[in-house]
Amino acid sequence: ENGSDALSPVRPSLSAEDMEARVKRFEDAPEFMKVLVAKTVGFGVDSDTPGAVNRLNATDIVQKMYEDEIDYDSIKPDFANDSEQEKARAMIERAYEKSDDEKPVFTEEEIQAKVKELDDIPDIFKGLLSKDFNDTEVAIMILEEEWQTEQKKKEKGGGFFDLFGDKGDDKEKGEIGRDGERMDRTDTGSFSRLFGDERDNKSDLDFMMESLYPQSTRKEDEAPDKKLVDAFLNDVVASTKAFNPSSKPVSVPGGWIIRGTNACDSGGELIEKLDKRIANDARLREKISFFLVKDPLPNQDEILDPLNWPQVLFVAGPDVARDPAVILRTAISSIGIATAWYGSIAPFLANSKLLDRATETMELADAGMPSDLSWLSEMSIPLFVSFFALQLTHEAAHLAVAKSRGFEVTVPTLVPSVMSGITSSITSLKTSPKNKQDLADFAVAGPLVGMISSILALCYGLVLTATADAATVQTFPGLPLAILRQSSLGGGLIDLILGNGVLNVPASAEAAQALASTLIALHPLAVAGFISLVVNALALVPAGRTDGGRLSLAIFGRSGSQGITFISLASLFILGIQSDLTLFYFAFIVFCQSELEIPMRNEIDDVDFSRVVVALFAGFLMLLTLIPMS
């Protein structure tokens, strides 16, 4: 027994100074060598993703290297000959699985270039591969590894299903390395790249997170590191016993997810317990935010119940909101005010008598004679003020709900439009709502209050139109019959109150010409009410980050909302064939609002039935408004 102990070298544990020195040498090494070392000692790392190795725990790697050195030294004296020692070498090289089917051939220049790269590498790294390998052999091993990586990339291509990213990869989905990094990295094929979907070197989980959550959640410079997440697990989650983790934290774009089970009766109770605990930890409170959400990529072997979907804690940086971009938003709103003013003047110039008067005034100005167009501005102000007052009711409802529910929103950004004055107003979330119910209330309040206010304004304006004398009507602004017929609700109210089939189109060959040339004179309040009704209805279209998209997210979840967004955009495009305003709004969503909203603190608890009823009512008004008259 003593003799056996004598053969096994006894090494002391690494001192703090030695550990720090080794960690520094590891971190200062070239990236390709760090990847090589990490693989050799058994850590999962994606060598195709630049910087992936830097997300590993360098201390754990150095400790494992030291342990392997001890293991190697302990078995080396037992080797009877060099062939036995080669078996030990095979053990140290367990991260490599080289194929004998095809051998790469490297030029002398390639080998010498790689040897030159090895000159500045500490001996500890080179010795780790094998203490008997020289620099040339190590260089060849690295070149072979790089060659095999390229071969694997090439082998992933080919076949019909590869066009859609199905590589038939045998790697187990969801496999986690020692640091919690996912190892199921795959290339998605030429089909995705053709449309700019750069999924190369991304796992399926990464892709799902990027598709379900907006870009603002992926602020990599603010993403918490592994130590912070471990501290959150140990100091907050474990101490409250509100959530039972089932795996190590998994790295995802912008943060980490922790799989497990909710030990509380509801998602709201879990968030409340974790909030109370983290409130006492300033370090964590200021550096992370966390959300209880549905697992974006559950284990495929599990039998999934849609009503009891697996839950995860998504741990991100402290700020997941959009960049405020105050200067840009102010500039856009300024243009929006300008186009809204233009939209208030244009209906008056559609009145032929007013247009003739304005033309005469402009001709006088061109001739250098005194001219005055202030009368046109004075006539337009009531329409301009009425329209903005109606939009203000929309935004006031949003703000009231946000304040009552305890989350913050930005100042509205007015999106310009030459057709309706403004296309929409964007009110972004600065902090996350507590749950789906709060998001649903916030989303529906603005457009629903705006639509009801617009309907009241439209009806009162129509009454004023119907009771005005002929001389007064000649000073009213006008809207084309084609625009008024693009809304079943708005057009129906006009037909109902003004009567005499004012919006009817004769079933004849002249019908198209009538639609293009006929103008209906309306009181300025009626014009403001009609345009505002359409603008508020468009805001309820369930797509992306619009109010309707937020409402859809609250009711149907993230995956369901994505499908509804696709259907909504297709419908808008079809309606846009007959309506420039609808087509413009389609483009606005695609380029500016296509992402889903930032995560809610609790995305597990569903909205109650009363919110569904309100959403159905709002959706009914939206459809009535946007579907053209038959």
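Above this text is the structure in question.
Residues numbered from 1 in each chain as written. Predicted model: local features only at pLDDT ≥ 70, side-chain atom pairs only at ≥ 80, totals over all residues. Heavy atoms only, no water.

(A) Here's a closer look at the overall build of the protein. Along the protein, the regular secondary structure elements total 25 helices and 11 strands. Counting the 630 residues in the protein, one finds 47% classified as buried. Within the protein, contacts between residues at least 6 apart in sequence are counted, and of these 71% link residues at least 24 apart. Split by element, the accessible area of the protein, about 31100 Å² in all, is 57% carbon and sulfur. (Helix = DSSP H or I, 4+ residues; strand = E, 2+ residues; numbered from the N terminus. Buried < 20%, exposed > 50% of the residue type's maximum accessible area, 1.4 Å probe, protein only. Contact = heavy atoms within 4.5 Å. Areas by Shrake-Rupley, 256 points an atom, 1.4 Å probe, with all protein chains shown as cover.)

(B) How the structure looks around the packing of helix H17 (residues 436-467) against helix H23 (residues 547-575). The contact between H17 and H23 brings their axes to 8 Å, and the two run at 150 degrees. With respect to their mutual orientation, H17 and H23 come out roughly antiparallel. Considering the relative orientation of H17 and H23, their crossing is left-handed. Here Lys436, Leu439, Ala440, Phe442, Ala443, Val444 and Pro447 of H17 lie close against H23, whose contacting residues are Asp547, Arg550, Leu551, Leu553 and Ala554. (Axes fitted to C-alpha atoms, helices over the stretch in contact; angles between N-to-C directions. Parallel < 35°, antiparallel > 145°, perpendicular 65-115°, else oblique. Left-handed = near helix turned anticlockwise from the far one by under 90°.)

(C) Examining unusual backbone geometry more closely. With a phi angle near 55 degrees, Lys241 is a residue other than glycine that sits in the positive phi range. Note that Lys241 resides in the loop between helix H11 (226-240) and strand S3 (243-245). Its identity as a non-glycine residue notwithstanding, Ala325 has a phi of 45 degrees, on the positive side.

(D) Region of the structure containing the packing of aromatic side chains. Considering all chains together, one arrives at 9 aromatic pairs under this definition. Plain terms: the ring middles of Phe232 and Phe290 are 5.2 Å apart, the flat faces sit at 35 degrees to each other, and that makes the pair tilted. Residue Phe232 is located in helix H11, and its partner Phe290 is located in strand S6 (residues 289-294); the two are separated by 58 residues in the primary sequence. On the accessibility criterion, Phe232 (0% relative accessible area) is buried. With a centroid separation of 6.1 Å and 85 degrees between ring planes, the pair formed by Phe387 and Phe388 is classed as edge-to-face. Owing to a relative accessible area of 5%, Phe387 belongs among the buried residues under this scheme. Clustering of aromatic rings is evident, with ring pairs tying together Trp341, Phe384, Phe387 and Phe388. The ring of Trp375 carries Arg357 above its face, with NZ or CZ at 4.0 Å from the centroid. A cation sits over an aromatic face here: Arg601 above Phe290, 4.8 Å from the ring centre. (Phe/Tyr/Trp six-rings, centres within 6.5 Å; stacked < 30°, edge-to-face > 60°. Lys NZ or Arg CZ within 6 Å of the ring centre and 35° of its normal.)

(E) Summary view of the packing of helix H16 (residues 374-405) against helix H22 (residues 524-539). Packing of H16 against H22 leaves a shortest axis separation of 9 Å and a crossing angle of 35 degrees. Note on packing geometry: the crossing formed by H16 with H22 is right-handed. Along the contact surface, H16 presents Leu383, Ser386, Phe387, Leu390, Gln391 and His394, while H22 presents Pro524, Leu525, Val527, Ala528, Gly529, Ile531, Ser532, Val535, Asn536 and Ala539. Among the residues making up the contact of H16 with H22, the classes are represented as 10 nonpolar, 6 polar and no charged. (Nonpolar A, V, L, I, M, F, W, Y, C, P; charged D, E, K, R; others polar.)

(F) How the structure looks around helix H12 (residues 267-278). Under the 1.5 Å per step criterion, the end-to-end length of H12 is 17 Å for 12 residues, consistent within 8% with the ideal 16 Å. Among all positions in H12, only Gly267, Leu270, Ile271, Leu274 and Ile278 are buried. Down the axis of H12, the sector holding all buried residues measures 95 degrees, keeping them to one side. Looking at the packing, one finds that the buried side of H12 touches H11, S3, strand S5 (255-262), helix H13 (282-287), S6 and strand S7 (311-316). (Expected span 1.5 Å × (residues − 1). Arc of directions from axis to C-beta.)

(G) Here's a closer look at helix H24 (residues 580-592). Along its 13 residues, H24 runs 18 Å from first to last C-alpha, staying within 8% of the 18 Å computed at 1.5 Å per residue. Within H24, the full set of buried residues consists of Leu581, Thr582, Tyr585, Phe588 and Ile589. All buried residues of H24 lie within an arc of 115 degrees about the axis, which places them on one face of the element. For H24, exposure combined with an orientation more than 90 degrees from the buried face picks out Asp580 and Phe591. Contact partners of the buried residues in H24: strand S8 (413-417), strand S9 (421-426), H22 and H23.

(H) Representation of the pattern of salt bridges within the structure. As enumerated under the stated definition, the model contains 16 salt bridges in all. Between Asp441 and Arg405 there is a salt bridge, with the nearest N and O atoms lying 2.6 Å from each other. Here Arg405 lies in helix H16 and Asp441 lies in helix H17, a separation of 36 residues in the sequence. Given a relative accessible area of 11%, Asp441 falls into the buried group. (Salt bridge = Lys/Arg side-chain N within 4 Å of Asp/Glu carboxyl O.)

(I) Structural view of the side chain of Thr423. With respect to the helices and strands, the residue Thr423 is situated in strand S9. By relative accessible area, Thr423 is classed as buried at 0%. From its side chain, Thr423 meets the backbone oxygen of Pro416 in a polar contact 3.3 Å long. With near-sequence residues (within four places) excluded, Thr423 lies in contact with Val415, Pro416, Ser417, Val535, Phe584, Tyr585 and Phe588. (Polar contact = N/O pair within 3.5 Å; in protein donor to acceptor, adjacent residues only side chain to side chain.)

(J) Representation of the nonpolar core in the model. Grouped together as the largest cluster of nonpolar side chains are 88 residues, with contacts concentrated most on Ile257, Phe314, Leu462, Leu484, Ile494 and Leu522. Per-element tally for this core: the top contributor is H17, with 12 residues. Leaving out residues up to four positions away in the same chain, Leu522 has contacts with Leu462, Thr465, Phe476, Pro477, Leu479, Leu484, Ile494, Leu498 and Val527. Residues Leu228, Val229, Ile278 and Ile604 belong to the second largest nonpolar core, which totals 23 residues. (Core = buried A, V, L, I, M, F, W, Y, C linked by side-chain atoms within 4.5 Å.)

(K) Main features of the pairing of S5. Of all 8 residues in S5, 7 are buried, a share of seventy percent or more. Summarising the sheet, S3 and S5 pair through 3 bridges and their orientation is antiparallel. Within S5, the position partnered with Asn244 by the bridge is Thr261. As defined by bridge partners, strand S4 (residues 250-252) adjoins S5 across 3 bridges and the pair is classed as antiparallel. Its bridge partner lying in S5, Val252 is registered against Gly255. Linking S4 back to S5 in an antiparallel pair, the connection comprises 2 residues, with Gly254 at a positive phi of about 90 degrees. Direction of pairing for S5 relative to S7: antiparallel, over a ladder of 6 bridges. Considered in S7, the bridge of Trp256 is made with Val315. (Pairing = 2+ DSSP bridges.)

These results come straight from atomic positions and should not be treated as a statement about function.
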